[in-house]
Amino acid sequence: MPETATPERELTFAQAVREALAEELRRDECVCIFGEDVAEAGTPFKVLSGLVEEFGSDRVIDTPISEAGFTGIGVGAAMTGLRPVVDIMFGDFLTLTMDQMVNQAAKAHYMSGGHWKVPMVMRTTLGATRRSAAQHSQSLHAWFSHVPGLKVVLPSTPYDAKGLLKTAVRDDNPVVFFEDKMMYKLKGPVPQEDYTIPFGVADVKRAGSDITLVATSSMVQVALGAAVLLEKEGISAEVVDPRTTWPLDEKTIVDSVKKTSRAIVLDEGYGRYGATAEIAAVIAEGAFYDLDAPVKRMGAMHVPIPFSPPLEDVTVPTDEGVVAAAREMCRK
Amino acid sequence: MTTAASNPEIGRESSTEKEKWLRAYRQMVRIRLFEEQVNELYTRALMPGLAHLYSGQEAVAVGICEALRRDDYITSTHRGHGHCLAKGASPDRMFAELLGKEAGYCRGKGGSMHIADPATGNLGANAIVGGSVGIATGAAFASKRLKNGRVAICFFGEGALGQGSLYEVMNLAELWKLPVIYVCENNLYNEYTHFSETTAGTILGRALAFGMEAVAIDGQDVRRVHDVAARLVERARAGNGPAFLQADTYRYSGHHVGDINREYYRSRQEEQFWKKERDPIQLHANWLIAQGHADSAALEKMTVEARTEIEGAVKFAVAAPYPSVDHVDEDVYA
């Protein structure tokens with residue numbers, strides 16, 4: 001946080017994203033945004049409202065509904081002098097961009113022996129419980145975390161969103177930036193000043209001593225809610241937010257678990273072969289002899305996200321579910 | 001806007017017609033001899049991986065690249081050695097890359113299907129069919145935004161006509177009037193399948209549907225390729241938008257070097273016809289002699305010189321060291 005004593009200002013998560021982009025567009029002429037309905041519409045979530053008015057339609061550019069096409073254009077433009085921020089409206093549509101991201105963006109630097117760089121950001125969304133059914137609700141960040149050459153960012157607060165997004169725009173690598181669409185209205189303190197948050201540095205969102213809750217993106221709020229409930233039961237939970245799944249701050253996670261000796265890993269991606277599995281393995285490799293209980297993983301249920309509200313709600317970890325699991329693990 | 005004429009790096013505008021066409025001949029011969037050596041290296045098991053030869057298609061790469069500035073961009077394909085050489089890459093570093101050596105263009109990390117070279121505007125060969133259409137279009141997008149006057153050439157085979165992303169970026173290129181030329185090298189075969197079995201409608205019809213300038217040419221005629229390319233490139237450079245160029249050509253070898261028994265998809269008579277009647281190097285040699293630009297002794301001298309260069313490049317690459325294994329995880333991230 002900056003040392004200047006400005007009064008604490010609150011922004012929503014969406015406003016923090018917009019402010020980060022506006023500042024980067026102002027700072028560097030090479031930054032541009034393109035995607036579906038990013039200009040006058042400001043995206044369906046209104047995250048980008050006002051940017052086209054300030055920066056013009058040469059820099060905030062509406063595209064046709066052609067995710068593979070405009071993602072590929074982003075890769076080529078990034079290789080040749082621009083810093084595109086490509087907008088993929090729903091994370092589910094990432095499937096349409098996979099060749100461009102996995103075979104082109106991620107590999108261009110390595111395959112060329114370090115000659116070409118791809119300084120591109122792909123902004124997209126994740127998260128269920130919006131009653132949007134199976135093709136508008138998935139959290140697919142684990143797929144990108146699997147691929148060498150990509151960086152994957154999962155902000156969980158307005159403060160982190162602004163600082164991490166500015167780092168993403170300035171990074172010389174392809175960065176996939178996931179925003180929880182249920183979090184856009186979440187408010188929190190965000191400095192007006194220019195600041196960045198480095199990748200690969202986890203943030204301890206709450207200190208505790210009995211159990212570590214490693215949580216990403218949307219699940220950070222769930223973990224913090226659970227920690228409040230657990231405190232009432234006399235269980236002290238530490239909440240660790242990795243903020244980036246790659247690079248991954250293994251040390252902060254392992255150090256926390258060594259201290260608490262128990263861990264639950266929470267992530268809204270599918271549990272099977274997911275981010276939770278990777279982080280649980282990091283804990284097993286780094287803190288096995290300090291564990292008093294097996295590491296518990298909690299992710300999205302292994303079903304396509306259903307539409308019907310009572311069905312959808314049980315597919316995602318909740319505060320109560322985390323409390324029940326933590327209570328069970330902390331019982332001697 | 002910078003033009004080719006005002007760019008001292010090029011100097012091609014001042015060369016005479018005779019010099020231009022002699023250079024085109026030399027470039028085609030260099031590519032042919034390069035590919036003969038690739039075949040040799042592969043057959044002698046000195047070259048790892050896969051080799052897709054460009055022999056037979058030389059007039060396309062040379063005709064087009066001779067119309068470009070050094071800082072113009074190209075994207076290439078798995079059959080990309082010809083594009084790479086025509087754009088100005090050096091055979092020694094290319095062979096080194098093909099053999100996985102540290103001295104290669106990609107320090108041995110890319111290989112035959114991924115040669116890239118910023119110094120000659122080569123954004124990279126691509127082993128995904130149609131995989132570079134977005135990159136080429138994106139480079140054109142950046143050129144337009146940065147007003148640097150560069151044009152992007154997107155080389156692909158007719159097999160890429162089956163990829164949807166091609167049509168996504170063609171739509172965008174025409175909408176945004178981007179300086180990109182889509183060059184469809186129709187060598188008749190999508191790997192082992194005749195293109196008529198995979199391609200409904202016409203090739204040009206695809207571009208015309210977007211309102212895009214579209215031309216089909218004989219890809220064995222280097223002068224025709226060059227003249228049309230020069231017009232389309234200058235048109236794009238002047239801000240008048242993209243174009244689509246269909247170059248009809250022929251792949252002399254199999255899909256890759258090991259594709260020996262080809263009778264099930266094409267006849268020996270067909271191959272012989274193209275090699276004897278439609279060879280781009282022979283056709284151009286005949287024309288140079290008929291015009292009085294060269295005699296057969298002069299052409300033979302050029303061939304000998306090119307052979308010396310290419311054989312020297314092979315020797316360099318064979319003798320060059322492999323990269324240290326310590327470099328394996330370098331350059332994953334910038």
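Residues numbered from 1 in each chain as written. Chains lettered and ligands numbered in written order. Predicted model: local features only at pLDDT ≥ 70, side-chain atom pairs only at ≥ 80, totals over all residues.

### Here we look at the overall build of chain A
Helices and strands together make up the secondary structure of chain A, namely twelve helices and 14 strands. A globule of 332 residues ought to have a C-alpha radius of gyration of about 20 Å, and chain A, at 20 Å, matches this closely. By principal-axis analysis of the C-alpha atoms, chain A measures approximately 60 × 45 × 45 Å. Taking as baseline every contact in chain A between residues at least 6 positions apart, the subset at least 24 positions apart corresponds to 79%. (Helix = DSSP H or I, 4+ residues; strand = E, 2+ residues; numbered from the N terminus. Rg over C-alpha atoms; globule rule 2.2 N^0.38 Å. Contact = placed C-beta atoms within 7 Å.)

### Some details on the pairing of strand β5 (residues 121-126) of chain A
Residue and element names in this part refer to chain A. Across the six residues of β5, six count as buried, placing the element largely inside the fold. Here β5 shows a buried face lined by Val121, Arg123 and Thr125 and a second buried face lined by Met122, Thr124 and Leu126. Here four bridges tie strand β4 (residues 83-88) to β5, and the two strands are oriented parallel to one another. Bridging from a neighbouring strand, aspartate 87 pairs with arginine 123 of β5. Pairing geometry for β5 and strand β7 (residues 175-180), over six bridges, is parallel. The partner of threonine 124 across the bridge, within β7, is phenylalanine 178. (Buried ≥ 20, exposed ≤ 12 C-beta atoms within 10 Å, placed from the backbone. Pairing = 2+ DSSP bridges.)

### Quick word on the environment of leucine 291 of chain A
One can find leucine 291 of chain A in the loop between α10 (275-287) and β14 (296-300). Considering only alpha carbons, one finds leucine 291 of chain A and threonine 260 of chain A, 31 residues apart in sequence, at a separation of 8.2 Å.

### A few points about the interface of chain A and chain B
With 36 residues of chain A in contact, the opposing surface of chain B contributes 33 residues. Of all elements in the fold, only α3 (67-79), α4 (98-105) and α5 (108-111) of chain A reach the threshold of two or more residues within the side of chain A that touches chain B. Broken down by element, the residue count for the side of chain A that touches chain B peaks at eleven residues, all from α3 of chain A. Across the side of chain A that touches chain B, the residue classes tally to 14 nonpolar, 19 polar and three charged. (Nonpolar A, V, L, I, M, F, W, Y, C, P; charged D, E, K, R; others polar.)

### A few points about the pairing of strand β7 (residues 243-248) of chain B
Residue and element names in this part refer to chain B. The element β7 is largely enclosed, with a buried count of five among its six residues. Here six bridges tie strand β3 (residues 180-186) to β7, and the two strands are oriented parallel to one another. Each residue of the ladder has a partner; that of tyrosine 182, found in β7, is phenylalanine 244.

### Regarding the confidence of the model for chain B
Of the residues in chain B, 96% have a pLDDT of 70 or more, and the chain-wide mean is 95. Model confidence for the complex is summarised by a pTM of 0.95, with the ipTM given as 0.95. (pLDDT = per-residue confidence, 0-100.)

### Concerning the sheet that holds β7 of chain B
Residue and element names in this part refer to chain B. Read from one edge of the open sheet, five strands run β1-β2-β3-β7-β6, paired in parallel fashion. In the strand order of this sheet, the two ends are held by β1 (73-75) and β6 (213-218), each with one partner. Shown here is a sheet whose adjacent strand axes are inclined to one another by a mean of 20°, direction ignored. The pairing of β1 with strand β2 (residues 152-157) spans three bridges and is classified as parallel. Residue isoleucine 74 lies in a different strand from β2, and its bridge partner there is isoleucine 153. Most of the contacts of helix α5 (residues 133-146) go to β2, to which it runs at about 170°, and overall it touches β1, β2 and β3. (Axes fitted to C-alpha atoms, helices over the stretch in contact; angles between N-to-C directions.)

### Re the sheet that holds strand β13 (residues 263-270) of chain A
Where strands meet in a sheet, backbone hydrogen bonds hold them as pairs that are either parallel or antiparallel. All names here are of chain A. The five strands lie next to each other as β9-β11-β10-β13-β14, forming an open sheet whose pairing is mixed. Because the sheet does not close on itself, it has two edges, and the strands there are β9 (203-206) and β14. Taking the axes of each pair of neighbouring strands and ignoring which way they run, one obtains an average angle of 25° across the sheet. Summarising the sheet, strand β10 (residues 211-215) and β13 pair through four bridges and their orientation is parallel. Its bridge partner lying in β13, threonine 212 is registered against alanine 263. Against the sheet, helix α8 (residues 218-232) touches β9, β10, β11 (237-241) and β13, its axis set at about 170° to β11.

### Side note on unusual backbone geometry
The omega torsion of the bond from tryptophan 246 of chain A to proline 247 of chain A falls at 0°, within 30 degrees of zero and hence cis. Tracing the backbone through its elements, the reader meets proline 247 of chain A in the loop between β12 (244-246) and α9 (250-260). Although it is not a glycine, alanine 133 of chain A adopts a positive phi angle of roughly 70°. Positive phi, close to 80°, is recorded for leucine 188 of chain B, a residue that is not glycine. Counting through the fold element by element, leucine 188 of chain B comes out in the loop between β3 and β4 (189-190). When the 18 C-beta atoms within 10 Å are taken as the criterion, leucine 188 of chain B is described as partly exposed.

### Considering the nonpolar core
In this structure, Leu213, Ala223 and Leu266 of chain A together with Ile153, Cys154 and Ile181 of chain B are the most contacted members of the largest nonpolar core, which totals 195 residues. Here this core gets eleven residues from one element, more than from any other, and that element is helix α1 (residues 17-43) of chain B. Split by domain, the residues of this core number at least three in each of domain 1 (10-189) and domain 2 (203-330) of chain A. Not counting the four nearest positions on each side in its chain, isoleucine 181 of chain B is found in contact with Val151, Ile153, Cys154, Leu232, Val233, Ala236, Pro242, Ala243 and Leu245 of chain B. (Core = buried A, V, L, I, M, F, W, Y, C linked by C-beta atoms within 7 Å. Domains from an automatic or database assignment.)

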